[in-house]
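# Coordinate inspection notes
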Amino acid sequence: MNKFKIGSLVRRKSYQGVLNSLHSPSYYGVIVGINGSETFEVVWILRGGETRRKNLRVDQLTLIC
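Residues numbered from 1 in each chain as written. Predicted model: local features only at pLDDT ≥ 70, side-chain atom pairs only at ≥ 80, totals over all residues. Heavy atoms only, no water.

On to the layout of surface pockets. Each pocket or cavity is described by its volume, and for the largest pocket that value is around 170 Å³. Lining of the largest pocket is provided by Arg-12, Tyr-15, Pro-25, Tyr-27, Trp-44, Leu-46, Arg-52, Arg-53 and Lys-54. For the lining of the largest pocket, the leading source of residues is strand E6 (residues 51–57), giving three residues. (1 Å grid on protein atoms, 1.4 Å probe; cavity = no way out; pocket = protein on both sides within 12 Å on 5 of 7 lines; lining within 4 Å. Points joined across faces, edges and corners; volume = space filled by probe spheres on them. Helix = DSSP H or I, 4+ residues; strand = E, 2+ residues; numbered from the N terminus.)

All right, on to the sheet that holds strand E1 (residues 9–12) then. Pairing within the open sheet is antiparallel, and its five strands lie in the order E6-E5-E4-E1-E7. The open sheet has two edge strands, E6 and strand E7 (61–63), and neither has a second partner. The mean inter-strand angle of the sheet, taken between neighbouring strand axes irrespective of direction, is 45 degrees. Sheet analysis places strand E4 (residues 28–34) next to strand E5 (residues 39–45), joined by six bridges and oriented antiparallel. Within E5, the residue paired with Ile-31 across the bridge is Val-42. (Pairing = 2+ DSSP bridges. Axes fitted to C-alpha atoms, helices over the stretch in contact; angles between N-to-C directions.)

Okay, here's the thing in structure tokens:
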């Protein structure tokens, strides 16, 4: 069973970049939509109040609460 749902606070998991450098994003996001069973639409809250939308899979996200 999937523990992610609309309104959940999430963070992106660490990932390796182009030059094999490890990236650990510090931004938090809120799930605002479900696109299929394994993909979610997330609104990221950036510094200064700016927001960005992105579709990510379950294995790319870490649930905060």
